[in-house]
Amino acid sequence: MDGPTTAWWDGWKKRQERAHNLVIDLWDETRLTKLLRTAEADDVRRAYYEAYRGESSTEEPRDLVEVDDDKATALESALFILQMKEAGHIELDSAKRQFFNADVVAREIAHKGVPAELKALKSADATLHGLWEARFNQCWAEDKFPSLHASVWSDVRAEHPQLPKILRLDLLHAWGLVHRLVDNRKAGWVKHWRMIAEAHTDP
């Protein structure tokens, strides 16, 4: 507020406090900006402010991380790799990279604990799980399980632009989130995927 407005405010505040026996606290631009930058206000800020400035939609996707040889070797015993081998897949390097990058993102979001990001990740997981489930049921009805993986990947590619922008996911991350669903025993690539998941022992 400028000088005259501040003088008016101070007078009005004192009169109201005296007349109504209360305390009036001014939330000016500085205080509101500080509050909007807190984790608790993340949803409000993104919904009512950043949406109009286009900040969340113009951010670049996250950087991708390379998987070193040791990590790649360790992933050989992961459930999602076992499921892919059971489905007849031979080349698995890209699957490891997808999983590893998605896992890095998920762990970072869990560590930061920003409510809006946690909610967005949960939403993305639910969406991708729904895509897998729809294709799995279709393959079950048509007995076409060899096409399950490719069909889900095509669906994920089409859905990727609709996933929450706050997550800043590359398409590779989105594919990796499906691998995480498999690794968390929520999905699989063969008809008997539940049996494989139950028999698998975490390394």
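Located above this text is the structure these notes cover.
Residues numbered from 1 in each chain as written. Predicted model: local features only at pLDDT ≥ 70, side-chain atom pairs only at ≥ 80, totals over all residues. Heavy atoms only, no water.

1. Comments concerning the packing of helix α8 (residues 115-142) against helix α9 (residues 148-159)
Spelled out, the test is: Axes here mean lines fitted to C-alpha atoms, for a helix over just the part in contact, with angles spanning 0 to 180 degrees between N-to-C directions. Secondary structure follows DSSP: runs of H or I at least 4 residues long count as helices, runs of E at least 2 residues long count as strands, and numbering of each begins at the N terminus. The handedness criterion is simple: a crossing whose near helix is rotated anticlockwise from the far helix by less than a right angle is left-handed, and one whose near helix is rotated clockwise is right-handed. The contact criterion used is simple: two residues touch if any of their non-hydrogen atoms lie within 4.5 Å. In the scheme used here, Gly and all other residues not listed as nonpolar or charged are polar, with Ala, Val, Leu, Ile, Met, Phe, Trp, Tyr, Cys and Pro taken as nonpolar and Asp, Glu, Lys and Arg as charged.
Between α8 and α9, the least distance of the axes is 9 Å, while the angle of their chain directions is 145 degrees. The way α8 lies across α9 gives a crossing that is right-handed. Of α9, the residues touching α8 (which contributes T127, L128, L131, W132, R135, F136 and C139) are L148, S151, V152, D155, V156 and E159. Tallied by class, residues from the contact of α8 with α9 come to eight nonpolar, two polar and three charged.

2. Concerning the packing of α9 against helix α10 (residues 171-183)
The following threshold applies: Reported orientations rely on four angle classes, namely roughly parallel under 35 degrees, roughly antiparallel over 145, roughly perpendicular from 65 to 115, and oblique for the rest.
Contact pair α9 / α10: the axes reach a minimum separation of 10 Å and the direction vectors enclose 135 degrees. Taken together, α9 and α10 sit at an angle that is classed as oblique. For α9 against α10, the interelement crossing comes out right-handed. Two secondary-structure elements touch here, α9 through H149, V152, W153, V156 and R157 and α10 through L171, A174, W175, V178 and H179. For the contact of α9 with α10, the class distribution of residues is seven nonpolar, two polar and one charged.

3. Observations concerning the packing of aromatic side chains
Stated precisely, the cut-off is as follows: Each pair of aromatic rings taken from Phe, Tyr and Trp, with Trp reduced to its six-membered ring, is defined by centres within 6.5 Å and is described as stacked if the planes are under 30 degrees apart, edge-to-face if over 60, and tilted in the remaining cases. The criterion is that NZ of a Lys, or CZ of an Arg, lies within 6 Å of the ring centre and within 35 degrees of the ring normal, and then a charge sits over that ring.
Evaluated as defined, the whole model comprises ten aromatic pairs. Measuring from ring centre to ring centre gives 6.0 Å for F136 and W140, while their planes differ by 40 degrees; the resulting arrangement is tilted. Taken together, the positions of F136 and W140, both in helix α8 and four residues apart, correspond to about one turn of that helix. Each member of the aromatic cluster is reached from another via a ring pair, and the members are W132, F136, W140, F145 and W193. One Lys or Arg, K191, reaches over the ring of W140 and ends 5.1 Å from the middle of that ring.

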